[in-house]
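Coordinate inspection notes
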Amino acid sequence: MGEPPDPAEEAAQPTPAPGDKRRRRTLLTALVAGLLVLAIAAAAYVLSRPRAETAAPAETSAPAPATTPAETPTATPTPTPDPPAVALNILLVGSDSRVNARAEAAAGNRSDQRADALVFVHLPADRQSVYGISIMRDLWVDIPGHGTAKVNAGLELGGLPLMTQTVEALLNQHIDHTVMLDFQGFAAMTDALGGVDVDVKQPFTTTVDDIEHFPAGVNRLNGAQALAFVRERHAFPDGDYQRVRNQQTFLKAVLAKIANEGGLADRDTVRKLVATVLPHITVDAGFTLETLERLAFSLRDTAPGNGVFFTLPTAGTGTSPDGQSIVLPDNAAIAAVAAALAGGKLAEYVAANRLEGGN
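Residues numbered from 1 in each chain as written. Predicted model: local features only at pLDDT ≥ 70, side-chain atom pairs only at ≥ 80, totals over all residues. Heavy atoms only, no water.

**Let's talk about the overall build of the protein**
Each helix and strand in the protein was counted, giving 11 helices and 14 strands. Within the protein, buried positions represent 49% of all 359 residues. Residue pairs at least 24 apart in sequence account for 70% of intrachain contacts in the protein once pairs closer than 6 positions are excluded. (Helix = DSSP H or I, 4+ residues; strand = E, 2+ residues; numbered from the N terminus. Buried < 20%, exposed > 50% of the residue type's maximum accessible area, 1.4 Å probe, protein only. Contact = heavy atoms within 4.5 Å.)

**Brief notes about the packing of aromatic side chains**
Evaluation of the coordinates by the stated rule reveals 5 aromatic pairs. Relative to Phe229, the ring of Phe214 has its centre 5.5 Å away and its plane inclined at 70°; by these criteria the two rings are edge-to-face. One end of the pair, Phe214, is in strand E9 (residues 213–214); the other, Phe229, is in helix H6 (residues 223–231), with 15 residues separating them in the sequence. For Phe214, a relative accessible area of 1% gives the class buried. Owing to a relative accessible area of 1%, Phe229 belongs among the buried residues under this scheme. Consider the rings of Phe310 and Tyr349, whose centres lie 6.2 Å apart with planes at 40°: the pair is tilted. With Phe310 in strand E12 (residues 307–311) and Tyr349 in helix H11 (residues 346–352), this pair connects stretches of sequence that are 39 residues apart. (Phe/Tyr/Trp six-rings, centres within 6.5 Å; stacked < 30°, edge-to-face > 60°.)

**What to know about the environment of Ala149**
Looking at the element boundaries, Ala149 is found in strand E5 (residues 147–150). Here the alpha-carbon distance between Ala149 and Leu139, two residues 10 residues apart in the chain, equals 8.1 Å. Aside from chain neighbours lying at most four places away, what touches Ala149 is Leu139, Trp140, Val141 and Ile143.

**Observations regarding the nonpolar core**
By size, the foremost hydrophobic cluster in this structure holds 39 residues, and its most contacted members are Val93, Met163, Leu171 and Leu312. Those elements that place two or more of their residues in this core are strand E1 (88–95), strand E2 (115–123), strand E3 (130–135), strand E4 (140–143), helix H4 (153–171), E12, helix H10 (331–342) and H11. One finds Phe186, Val200, Leu221 and Val254 within the second-largest nonpolar core, a separate group that totals 19 residues. (Core = buried A, V, L, I, M, F, W, Y, C linked by side-chain atoms within 4.5 Å.)

**A short note on the pairing of strand E13 (residues 314–319)**
The sheet contact formed by E13 and strand E14 (residues 325–329) spans 4 bridges and is antiparallel. Following the sheet pairing, Thr314 is matched in E14 by Pro329. Counting the residues that bridge the hairpin from E13 to E14 gives 5 residues, and of these Gly323 lies at a positive phi of roughly 90°. (Pairing = 2+ DSSP bridges.)

**Some words on the sheet that holds E12**
As summarised here, the arrangement of the 6 strands in space is E11-E6-E1-E2-E3-E12, forming an open sheet in which the pairing is mixed. Single-partner strands in this sheet number two, and they are strand E11 (281–283) and E12. The average angle at which neighbouring strand axes cross in this sheet is 20°, direction not considered. Pairing geometry for E3 and E12, over 5 bridges, is parallel. Residue Val130 lies in a different strand from E12, and its bridge partner there is Gly307. (Axes fitted to C-alpha atoms, helices over the stretch in contact; angles between N-to-C directions.)

All we've got here are geometric facts, nothing functional implied.
Following this line, the structure appears as structure tokens:
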């Protein structure tokens, strides 16, 4: 239907049935959801693990002889409190690669993959809100050491390290952690939640492979349907722009479901999320399990309704000097976002530009 799907879109399909020999590649989408679900799941897992059992009270017995000295009780060590939360920047990357190429990206090697979704997450020190800034994958930017190219080429040219450096240069911000989540983890996460209710504002029918129709109103999506929902772009006049909005809509729905159904308290949900997401996530070396646990604890009082998601401003679409279809950067607007981040005034920027509900 219309122009053929690009390689990333052709890849982002459910696992092929036996006998289907078509080459598939994975699409990573709704990455913020993946990270926050993982963080919440990690914290919940720790909270729900049985604590080390204390010894049962000894049965009543005859007093010890007077000559036997009483044992000195061992002092219980005082738990080390978590350090105060600080502001964090986390880059969430989606690759159009097969799962077995994630190691190449983590190692910083050149490989046959590009970032299909990019979300810069900012967590203020007070953790009263979460900000997700989607970056259009075709945004024409400077790739450190490689000249100008689409922002998603950073992953192909130098893996997660170069992808991280590219976004750091774009927003003039240090990125504390980088995370990559794959298609299988995304779909499995959706199914583990028992489906997700998404309020569709703009009805559409998908155009690639298995056809799905999404009517206006609340739609209950399983993993396969969720993939179709967040990956479609050809059905919309503004293409990738609406796809990014749909990804943000799905993210909010996931967070709302976890909050409404007590994700931290439900042991079965926690175990499913941990079991299904952990095998499909790649993180930088500094993002340890302990770091994830601390992040989750720091977010436990953050209301899902306080999440703000918007797309980094652009100047529309155009053509690169070598003939590629690209998204043009709005350098002045991007500089304003960078300044708000640097000054700790992102909330003011959002309010001034009426981005509470996205753009």
